[in-house]
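Coordinate inspection notes
In case you want the letters, here they are:
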Amino acid sequence: SKTDAGRGIELGMQNELLFVAFRHQGLENAVKWNYESQVPFGQWHHVIFTYDGSSTAKGGTTFLDGKEIPASYVTDRLSESILNARAFRIQSNTPM
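Residues numbered from 1 in each chain as written. Predicted model: local features only at pLDDT ≥ 70, side-chain atom pairs only at ≥ 80, totals over all residues. Heavy atoms only, no water.

Examining the environment of H45
You can see H45 is positioned in the loop between β3 (29–38) and β4 (47–51). In sequence terms H45 and D65 are 20 residues apart; their C-alpha atoms lie 5.9 Å from each other. In this view, H45 contacts V39, P40, L64 and D65; residues no more than four positions away in its chain are not counted. Among the polar contacts made by the side chain of H45, one reaches the side chain of D65 at a distance of 2.8 Å. (Helix = DSSP H or I, 4+ residues; strand = E, 2+ residues; numbered from the N terminus. Contact = heavy atoms within 4.5 Å. Polar contact = N/O pair within 3.5 Å; in protein donor to acceptor, adjacent residues only side chain to side chain.)

Now the structure itself:
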């Protein structure tokens, strides 16, 4: 629906660097974590993200291939729900 466009959880890669975002609306009402650990393309990796529901960046922890990786926070301003009515989907923006 139009009212929940952009809401939800995003796990992605940009220039071989991992990021996680919980968004209500853009980055104005969101928490976004960036990671300095490179994740080379062309290999399988296990990514686990845990979150305590606190609506703060301190509430998130990420593991890459079984090891916790440090995060920097792009934004830490989530104050509304990230719930939406859309189905879960996995997609790629780059050809495999």
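Re the sheet that holds strand β7 (residues 71–76)
The antiparallel open sheet is built from 4 strands, whose spatial order is β1-β2-β3-β7. Sheet topology places β1 (8–14) and β7 at the edges, where each strand pairs with a single neighbour. Going across the sheet, the axis of each strand differs from the next one's by a mean of 15 degrees, ignoring polarity. Across 7 bridges, β1 lies against strand β2 (residues 17–25) in antiparallel orientation. Of the residues in β2, the one forming a bridge with G12 is F19. (Pairing = 2+ DSSP bridges. Axes fitted to C-alpha atoms, helices over the stretch in contact; angles between N-to-C directions.)

Some words on the packing of aromatic side chains
According to the stated counting rule, one finds 6 aromatic pairs in the structure shown. Ring plane angle 80 degrees and centroid distance 6.1 Å describe the contact between W33 and Y51, whose orientation is recorded as edge-to-face. On the criterion of sequence distance, the pair formed by W33 in strand β3 and Y51 in strand β4 is long-range, its members being 18 residues apart. By way of ring pairs, the aromatic residues F22, W33, F49 and Y51 are connected into one cluster. One Lys or Arg, K32, reaches over the ring of F19 and ends 4.6 Å from the middle of that ring. (Phe/Tyr/Trp six-rings, centres within 6.5 Å; stacked < 30°, edge-to-face > 60°. Lys NZ or Arg CZ within 6 Å of the ring centre and 35° of its normal.)

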